[in-house]
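Overview (structure and organization)
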Amino acid sequence: MSREEVVAGLSGQYAVFAALIDGLTSEEWDTPTRCTGWQVRDVAGHVVGNAVDTVNGVAGTRTPDEQARAFRGEGPDDLAAALRSAAGRLIPLLEKLDDRVWDRPSPVPGRSIGNGVHTLWYDTFVHGDDVRAALGRPDDRGPGLAGSVDWLRDELERLGRGPYRLVLDGLGEYAIGAGGPVLRGDPLRFTLVATGRADPAEFGTDAGVNVHLP
């Protein structure tokens, strides 16, 4: 995806996530999620922590658990406001980047600045789905789904996985390496499989498709 598409996608995803958590009840805020040991509040703290750390120039200095703990005492409205504030500072900075800067190494080893921004978009989308699943909310099949599949394809290539051919409903084909088995089906289910949230047998493959496994 182009630099402009990724920045616009991240901006929109932050708005979607803030709206998702804004106004949640105390019971919803404390609901366990499929992220081991995390309630909805912890997922939100991690997403907000990523945005805050990035705009403050310290991306990658805190683990997801450290981010979650840092914001654990905040309520949903406070974290929605914090995310909107961080996004309001971050997105204008990203919009000013040119292709030369976009391709530079980021503070996170192994990632360019552009890939790091795309990672934020993917991460916000997937964690939004974690919250929706925990609360029984409808799926989000907006631009973040295509953006996440695009990031996962790049990540599988970066990790040397595959080869695979992805044939995903409504998104067309994605090649990861040359040849390999065809993984065919729903793009959201693929996203869950490729992030360890669903059984890879759904796509007739094994755990090697999970980008979070070493």
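For the structure itself, consult the block above.
Residues numbered from 1 in each chain as written. Predicted model: local features only at pLDDT ≥ 70, side-chain atom pairs only at ≥ 80, totals over all residues. Heavy atoms only, no water.

**Observations concerning the overall build of the chain**
- Check the secondary structure of the chain and you find 9 helices and 3 strands.
- N-terminal to C-terminal, the α/β element order of the chain is α-α-α-α-α-α-α-α-β-β-β-α.
- A compact globule built from 214 residues should have a C-alpha radius of gyration of about 17 Å, and the chain, at 17 Å, falls within 12% of that.
- Dimensions along the principal axes, computed over C-alpha positions, put the chain at roughly 50 × 40 × 30 Å.
- Buried positions account for 48% of the 214 residues belonging to the chain.
- Summing over all exposed atoms, the chain offers an accessible surface of approximately 9700 Å²; the carbon and sulfur share of this is 51%. (Helix = DSSP H or I, 4+ residues; strand = E, 2+ residues; numbered from the N terminus. Rg over C-alpha atoms; globule rule 2.2 N^0.38 Å. Buried < 20%, exposed > 50% of the residue type's maximum accessible area, 1.4 Å probe, protein only. Areas by Shrake-Rupley, 256 points an atom, 1.4 Å probe, with all protein chains shown as cover.)

**Focus: the nonpolar core**
- In terms of nonpolar packing, the biggest core is built from 37 residues, with Leu10, Tyr14, Phe17, Ile21, Leu83 and Leu94 touching the most fellow members.
- Listing elements by their share of this core, those giving two or more residues are α1 (3-21), α3 (40-55), α5 (76-95), α6 (99-102) and α7 (113-135).
- Once residues within four sequence positions are removed from consideration, Tyr14 is found in contact with Ala51, Leu83, Ala87, Leu90, Leu120 and Thr124. (Core = buried A, V, L, I, M, F, W, Y, C linked by side-chain atoms within 4.5 Å. Contact = heavy atoms within 4.5 Å.)

**With respect to the packing of aromatic side chains**
- Applying the stated criterion across every chain yields a total of 2 aromatic pairs.
- Seen from their ring centres, Tyr122 and Trp151 are 3.9 Å apart, and the 10 degrees between their planes marks the pair as stacked. Here the residue Tyr122 occupies a position in helix α7, and Trp151 occupies one in helix α8 (residues 143-158), the gap between them amounting to 29 residues.
- When its relative accessible area of 4% is taken as the criterion, Tyr122 is described as buried. (Phe/Tyr/Trp six-rings, centres within 6.5 Å; stacked < 30°, edge-to-face > 60°.)

**As for the sheet that holds strand β2 (residues 172-176)**
- One open sheet accounts for 3 strands, arranged β2-β1-β3; its pairing is mixed. Of all strands in the sheet, those with a lone pairing partner are β2 and β3 (182-185), marking the two edges. Pairwise comparison of adjacent strand axes, ignoring direction, gives a mean angle of 15 degrees for this sheet.
- Bridge count for strand β1 (residues 164-168) against β2 is 5 bridges, and the pairing is antiparallel. Residue pairing for β2: Val167 is matched across the bridge by Glu173.
- Contacts between α8 and the sheet are confined to β1 and β2, with β2 contributing the most and set at about 20 degrees to the helix. (Pairing = 2+ DSSP bridges. Axes fitted to C-alpha atoms, helices over the stretch in contact; angles between N-to-C directions.)

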